[in-house]
Amino acid sequence: MKSFDSLHRVHQRLAKIPVGILLSLPFLVQLLGATGLVGYLIYRSEQQAIHNLGNKLVNEVGERIYQQLDNYLQTAQVVNHRNLAVIHNGLLDIQDFEQTGHYFWHQFATYNFNSIQFAKTDGSYIGVSYQDQIPVISEVPKPNHKQFIYSTNHQGYRTQVQQTIANPNVLQAAWYQDAVAAKQPIWTTVYPKNLSHPKAISASTPVYDSEGSLTGVLSIDLNLKQINRFLQQSEIGRGRAIILETSGLLIADSEPTEIMAQGEQRHIATTEPLIQSITTHLTRFGNLNQLQQYSTQLAIAEQLTYIHVLPYQNAYGLDWLIIVAVPELELRQNVGVNQRHTLLLCAIIILLVAAIGIVTTQWFINPAPYLVQADAIAQRQFGSFNNKVPVAQLVNTFRHIAQFNTAATFQNRSPREQHPKPILQNLAQSLPEIIYSAVIKPDGLMHFEYINPVVENVYEISAAEFLAQPNRIILMQMHPEDRAGYLKQVAQSTQAAFTYEWRSITPSGKLKWLRTSSQPEQRRGDICWHGVILDISECKQREQQLQASQAQLNDILNLAGVSIARLRFYPDRTFEADYCSAGCTAMVGYTPEELTSQLWASRIPPEDLQTVMDQAFAAICQEQPITIEFRFRRKDGSQCWLADILTSRWDETEGCWIVIAVGVDITERKRIETALHESEALNRAILNALPDLIIRMHQDGTYLDVKPTTAFPILTSPKLIGTNISDLLPPDIARQRLAAAAAALSTKQMQIYEFPLVVNGQSLWQEGRVMPLTTDEVLVVIRDLTERNQVQQALQASEQRFRQAFDDAPIGMALVSPTGHFLKVNRTLCEIVGYTDEELLALTSDDITHPDDRQADSDYRQQLLTDKIRCYEMEKRYVRKQGDIVQTLLSVSLVKDAAQQPLYFITQILNISDRHEITRMKDEFIAIVSHELRTPLTAIRGSLGILAAGVLDDEPLQVKEVLQIALSNSDRLVRLLDNLLNLKRLESGMVPLTIETHIVADLVAQAIACTATIAQEANIKISTIFPTIQIQVAGDAIVQTLTNLLSNAIKFSPAGSTVWLSAELQESKPVPYIHFKVEDQGRGIPIDKLESIFQPFQQVAISDAQQKRGIGLGLAICKRIVEQHGGQIWVNSELGKGSTFYFTLPIAQQDV
Amino acid sequence: MTKHILIVDDDKDICRLVQISLEKFAGWTTAIAQSGQEGLLKAKTELLDAILLDVSMPDMDGFQFVTQIQANAATRSVPIVLLTAKTLPGDRQRFAQMAVAGVITKPFNPMTFWTQVAEILGW
């Protein structure tokens, strides 16, 4: 009772609170609460943003450092590799230190190396390095010699010796020793180089000669300070980037003060708290060299620090860790400003909204005093009112209004209260619902006391008709299925509120959903129900649509290949599924009931499970949405990739996280991704392997991107990007490329052109390929053709020389297939064998070989093919196309291909018919001379022998006869020798002709006198006709010519016949000729001998010499004499009828 | 016992010197023929102990002459000795194939010439 009192007192106190305060205060409280909540959420999201930012920053910085480090280190190995190739190709003589030093200097000028060097195994050394920021060339010219350090000029040539160092001993250096030990390209261990380079590392590669023995070591030193420099440039503010060797050695540090003392190698176990914390943390995972890429957050020096660890390993033996640490404070600085802005904004909003709220409240409660005043007047309570209306007063006022209105609704109202009735009725009539009051009589039938006209709309009959038979109409229009329920509920409900929904079929055939709600009022044994009937057709319709839509949604979810599950996830990492869409079953084959957390865990490969669980759990705990991707073994055993998108919230009541998991089957995507990765890696590898310079260029000539290549070190500087081609290349080349770009863009076809370029004084020949890329960008691929062009030209020249040598060779040459077919023949061979090129190529070697020589040739070839001999030579006869035989000297060798398979024979054919002929002629000459000398000698020897024996002492006549024989034969001998000598002298041109003016008649007379004796002996008559002119000739020689011709004619003429000698003058320019003719009636000369009889020792028949006492010198002598006079000699003849010899002489010698 | 020899050579000087040599130093009798035809004729008509034959003559060479001597039964038995200036190895091979008793090369020693002939013919 006491408590009731105190409650009452509180109530009374509340009632006295002014309405304005009562309305304003909760509003302000709500406003503050809402703003506070918003502020808190913003703060939370910022925390999350910082967290994400921190992770992303350390990841990105780590990746960037990795790329830079990789580029920096790769360059040294690539340059080494290139130098090795240059040495092996013979382009650089590594033994020539002058050249090598110069070469190194140029490379040194191109790349940012600490030094480039080469040491031979004997201790001699050449290298380029910096001294006081200036490149110098160091050389140990000979083993055990001093080291000279030369300063250099801008062209890289040595200028003067700057310094000499005794006992340099380069072979003890780590870069030399390590490479020799490894026998392959390596990175050395980190070693102190000198004061300015406390930490250096070298890319070293051993150089072997063609026999595989070590020549020396090529090496490029990198200063690790350089790495410090780009660590410092990694834009992490107060963060820290360090590179550690997995052994613990500090390689580089972004803190500039951390350069270690000389000779000391600082290990990670130092007092540096950052490094210590990180390494302590990392060593928990075991050995540092097994560490994978890793991110975490650590509290270091009471600072939350984001850590990212990235291992760097390469094929040359480096095993480093890149560690990036960024303190949260660094990130918070930026975000802190945002926080202040947010708070300020919140405060402004609070003030603004509070002000608006207060003003609105005031405006709202302004009428309250008037209302209260009006009510008081209505209640006949007159007094004074102030503006601050207490709550209780306002409540009372409202109550009075309500009571007044209610009373007016019913019929037993007092006359005083009658006037509000029309108002309520009007109100009821204007409502869209049926409002009614009905009394249930004991007979169970309803008697309506009031119903508003809306009934006419709903039931589609007039209110009067409805009221005449309400029960019947209600039941009649009610859907038959709903009637039983309705009656049942009506029967049951007596005291409690009544609600029922049913379907009503109106006279027009419409189906309407109706709902009634009514409250009972006990009245003298009857129950009066006051209620409304609502037309809820639209609601029902919407409900049905909603259900249909839900069903559709379910179908979509089930069929879309997406699984949706609602899980309860407990802190012990188990979960239960509240709901699992059918898509889940389609995806993995398990029904939602089967899919327990144990089963789920057992279907994920064990090696993935821990990671997936950790990721998922971490995200769920932090109520962060996460997408986890994992492999899952389906019920049928096949493996698929699933991606689950998890969103979680903590449910305090259930003590678990409610997780919505949306799963998608990403097997196909993973497969494509893998393929794409492989393809991308392949593309990148191919692109990197290309020696070409690739440029992405805008059509206006601006470089947009450049793919670096070692083939064009000068042209691949990153500075080129953004530069215009006209600033880079000579104007004509730039114009040419721009034209090609325009053509490529307009035709959409690749344009290829070649151009010369002079780089560093070296003339290069390059090929440009311009391909359209977009509407205004092209891809330019530049390839160096210099070497190809040189090689091609050299090859062409070489081929040309070979072809020329082959074709123009003065000996016959042929390439013959192993089966004996001619593959290629030269002109000389065609001439030797008398066949054309085409005819020979259709024949085999055997086809034109003399049958007697075929076997020997074939045997030799067989021996070549079976490697028994390397080449052979033989004399071989070919049968010429004309049928005659040509004697040749054959020289054959075999050419094989790389696989030692025979390709063809190279055959050289020398025509030695002439040689044979000469041999034959020589033999014949010896035979003739021998015979011709012996005959007179025999006579002389015989005569003298007889005389000497004295057997003719008594016979003086016989003595005289024998002496005469001896005498005439010795004359004959002298003549013979004279002829021989004459010919020899005429042929050698040793005897100048003594040209004098002679009368033709004199010359003819002398010749006839010389031959008179033999003509008489042979009984031959000589007949002459000649002009009476003078000619300028060597008289003796012409007499000899005429004598020889006459002698021959006499010798071969039958006894009793006539020899004709005639001469006539022939007018011709520039000098008239005299034309001699000697005609006989002898046996004639065969046609094939007409030419050759003028050659020395040539006679028509071998027997002629013996028969006619001649050795075949006469005509040869004639020919020489005539030709020396500038005339010609020839013969016409008919076998059996006689011969006519002609010769011409100019009548005057012009130049004598 | 005296011998009767036919000398066949187109060179009349040689014929004469051979004749003098055989007659004066050996005391044989001789006949001379300055062509092949003449030689064949004399071989048939005279009783000969031997023929001295030059190999190369304008009208016929030694081969033809020997063949014709061999072809005639009356002359077949007369031995022939070649007297020639051909001294090369190829010539000797050809002579070896001829049906002759022997070969004497020019120049010859007129004093001992007859002994060479006698030796060849086994006199």
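Identification of chain B as Response regulator from Gloeocapsopsis crepidinum LEGE 06123 is taken from an unreviewed UniProt entry.

By the naming in an unreviewed UniProt entry, chain A goes by histidine kinase and is assigned to Gloeocapsopsis crepidinum LEGE 06123. UniProt lists a comment for chain A under the heading Subcellular location (unreviewed entry), and it reads "Cell membrane". As recorded by UniProt, the Catalytic activity (unreviewed entry) comment attached to chain A reads in full: "ATP + protein L-histidine = ADP + protein N-phospho-L-histidine."

### Brief notes about the overall build of chain A
Each helix and strand in chain A was counted, giving 30 helices and 40 strands. Relative to its full complement of 1152 residues, chain A shows a buried share of 41%. Considering only residue pairs separated by 6 or more positions, chain A has 51% of its internal contacts joining residues 24 or more positions apart. Working note: accessible area of chain A is about 63,200 Å², and carbon and sulfur atoms make up 55% of it.

### A look at the pattern of salt bridges
Overall, the coordinates contain 47 salt bridges over all chains when judged by the stated rule. A salt bridge links R788(A) to E754(A); the nearest nitrogen and oxygen atoms lie 3.8 Å apart. On the criterion of sequence distance, the pair formed by R788(A) in helix α21 (residues 786-808) and E754(A) in strand β26 (residues 751-759) is long-range, its members being 34 residues apart. When its relative accessible area of 40% is taken as the criterion, R788(A) is described as partly exposed. Under the relative-accessibility criterion, E754(A) is labelled partly exposed at 33%. For the salt bridge of K106(B) with D9(B), the shortest nitrogen-to-oxygen distance reads 3.2 Å. Of this pair, K106(B) sits in the loop between β5 (102-105) and α5 (113-121) while D9(B) sits in the loop between β1 (4-8) and α1 (12-26), placing them 97 residues apart in sequence. The same class applies to K106(B) as to D9(B), namely buried.

### Thoughts on the sheet that holds strand β37 (residues 1058-1066) of chain A
Strand pairing in a sheet is mediated by backbone hydrogen bonds. Such pairs are either parallel or antiparallel. Residues and elements named next belong to chain A. Taken together, five strands build an open sheet; the order of strands is β35-β37-β38-β40-β39 and the sheet is mixed. Every interior strand has two partners, whereas the edge strands, β35 (1021-1025) and β39 (1129-1134), have only one. Each neighbouring strand pair of the sheet contributes to a mean axis angle of 15°, computed without reference to strand direction. As defined by bridge partners, β35 adjoins β37 across five bridges and the pair is classed as parallel.

### As for helix α25 (residues 913-949) of chain A
An ideal rise of 1.5 Å per residue puts 54 Å on 37 residues; α25(A) measures up with 52 Å between its terminal C-alpha atoms. Looking at the residues trailing α25(A), positive phi occurs at G950(A), about 75°.

### Examining the sheet that holds β1(B)
All names here are of chain B. Reading across the sheet, the five strands line up as β2-β1-β3-β4-β5 and stay open at both edges, with parallel pairing between neighbours. Lying at the two open borders of the sheet, with one neighbouring strand each, are β2 (29-33) and β5. Each strand axis lies, on average, 20° off the axis of its neighbour in the sheet, ignoring direction. Where strand β4 (residues 80-84) meets β5, four bridges bridge the pair, whose relative direction is parallel. Residue V81 lies in a different strand from β5, and its bridge partner there is G102.

### Considering the side chain of S1047(A)
All names here are of chain A. Along the polypeptide, S1047 turns up in helix α28 (residues 1035-1051). At a separation of 2.7 Å, a polar atom in the side chain of S1047 contacts the main-chain carbonyl oxygen of T1043. Contacts of S1047, omitting those with residues within four sequence positions, involve T1011 and I1014.

### Comments concerning the interface of chain B and chain A
Opposite the 23 residues of chain B that make contact, chain A presents 29 residues. Here chain B meets chain A over a buried area of about 2,200 Å², counting both sides, of which 62% is carbon and sulfur. E955(A) is paired through a salt bridge with K24(B); the nearest N and O atoms lie 2.3 Å apart. Across the side of chain B that touches chain A, the residue classes tally to 12 nonpolar, four polar and seven charged.

### A word on the packing of aromatic side chains
Residue and element names in this part refer to chain A. Within the structure shown, the criterion is met by 32 aromatic pairs over all chains. Here Y459 and F466 contribute two aromatic rings whose centre-to-centre distance is 5.2 Å and whose plane-to-plane angle is 40°, an arrangement assigned as tilted. For the pair Y459 and F466, a shared accessibility class is recorded, and that class is buried. With centroids separated by 6.2 Å and ring planes inclined at 15°, the aromatic side chains of Y500 and W502 adopt a geometry described as stacked. Grouping aromatic residues by their ring pairs yields a cluster made of F569, F575, W600, F617, F630, F632, W650 and W657. Just above the ring of Y150 sits the side chain of R158; from NZ or CZ to the centre is 4.8 Å. Here the guanidinium or amino end of K540 rests over the ring plane of W513, the centre of that ring lying 4.4 Å away.

### A short note on the UniProt feature "modified residue: 4-aspartylphosphate" (unreviewed entry) in chain B
Residues and elements named next belong to chain B. Taking the numbering used here, the UniProt-annotated feature "modified residue: 4-aspartylphosphate" (unreviewed entry) corresponds to D54. Turning to its location among the elements, D54 is positioned in the loop between β3 (50-53) and α3 (62-71). Among the residues examined, D54 registers a relative accessible area of 4% and is labelled buried. Look past the residues within four positions of D54 in its chain and what remains in contact with it is V8, D9, D10, G62, L83, T84 and K106.

### A word on the pairing of strand β3 (residues 134-140) of chain A
Residue and element names in this part refer to chain A. The buried count for β3 comes to five of seven residues, which makes it a mostly enclosed element. Sheet topology note: the strand β2 (residues 125-131)/β3 ladder contains seven bridges and is antiparallel. Paired with I126 across the strands is E139, a residue of β3. Linkage of β2 to β3, two consecutive antiparallel strands, is achieved through a turn of two residues, within which D132 is found at a positive phi near 55°. Sheet topology places β3 next to strand β4 (residues 147-152); four bridges connect them, and they run antiparallel. Bridge pairing in β4 links E139 to F148. Hairpin remark: β3 followed by β4, antiparallel, with six residues in the connecting loop; positive phi at N144, about 55°.

### Observations regarding the packing of helix α26 (residues 956-988) of chain A against helix α30 (residues 1114-1124) of chain A
Residues and elements named next belong to chain A. Where α26 contacts α30, the two axes come as close as 10 Å, and the packing angle between them is 35°. Between α26 and α30 the crossing geometry is left-handed. Residues N979, N982, L983, L986 and E987 of α26 touch α30, and the partners they reach there are A1116, I1117, R1120, I1121 and Q1124. Classifying every residue of the contact of α26 with α30 gives five nonpolar, three polar and two charged.

### Overview of the environment of K960(A)
Note on placement: K960(A) falls in helix α26. Taking the C-alpha atoms as reference points, K960(A) and L947(A), 13 residues apart in sequence, are found 9.9 Å from one another.

### Considering the nonpolar core
One recurring pattern in soluble globular proteins is that nonpolar side chains are buried together. All names here are of chain A. Counting 52 residues, the largest nonpolar core has L69, L73, F113, L222, I227, I243 and W320 as its most contacted members. Residue contributions to this core peak at 12 residues, all from helix α2 (residues 19-88). Each residue touching F113, except ones within four places of it in the same chain, is listed here: T75, A76, V79, F108, Y130, I220, D221 and L222. In this structure, L1046, F1076, L1090 and I1147 belong to the second largest nonpolar core, which totals 44 residues.

### What about the pairing of strand β11 (residues 294-300) of chain A?
Each regular strand displays side chains that alternate between the two surfaces of the sheet. Residue and element names in this part refer to chain A. Sheet topology note: the β11/strand β12 (residues 303-313) ladder contains seven bridges and is antiparallel. Along β12, the bridge assignment pairs T296 with I307. Between the end of β11 and the start of β12, which pair antiparallel, lie two residues, with A301 showing a positive phi angle near 50°.

### Some details on the confidence of the model for chain B
The predicted model of chain B averages 90 in pLDDT, with 100% of residues at 70 or higher. For chain B, per-element mean pLDDT is lowest for helix α4 (residues 89-96) of chain B, which scores 84, and highest for β1(B), which scores 95.

What counts, and at which threshold
- Residues numbered from 1 in each chain as written.
- Chains lettered and ligands numbered in written order.
- Predicted model: local features only at pLDDT ≥ 70, side-chain atom pairs only at ≥ 80, totals over all residues.
- Heavy atoms only, no water.
- UniProt positions renumbered as here; feature names shortened; annotations may be inferred.
- Helix = DSSP H or I, 4+ residues; strand = E, 2+ residues; numbered from the N terminus.
- Buried < 20%, exposed > 50% of the residue type's maximum accessible area, 1.4 Å probe, protein only.
- Contact = heavy atoms within 4.5 Å.
- Areas by Shrake-Rupley, 256 points an atom, 1.4 Å probe, with all protein chains shown as cover.
- Salt bridge = Lys/Arg side-chain N within 4 Å of Asp/Glu carboxyl O.
- Pairing = 2+ DSSP bridges.
- Axes fitted to C-alpha atoms, helices over the stretch in contact; angles between N-to-C directions.
- Expected span 1.5 Å × (residues − 1).
- Polar contact = N/O pair within 3.5 Å; in protein donor to acceptor, adjacent residues only side chain to side chain.
- Buried area = accessible area lost by both parts, 1.4 Å probe.
- Nonpolar A, V, L, I, M, F, W, Y, C, P; charged D, E, K, R; others polar.
- Phe/Tyr/Trp six-rings, centres within 6.5 Å; stacked < 30°, edge-to-face > 60°.
- Lys NZ or Arg CZ within 6 Å of the ring centre and 35° of its normal.
- Left-handed = near helix turned anticlockwise from the far one by under 90°.
- Core = buried A, V, L, I, M, F, W, Y, C linked by side-chain atoms within 4.5 Å.
- pLDDT = per-residue confidence, 0-100.

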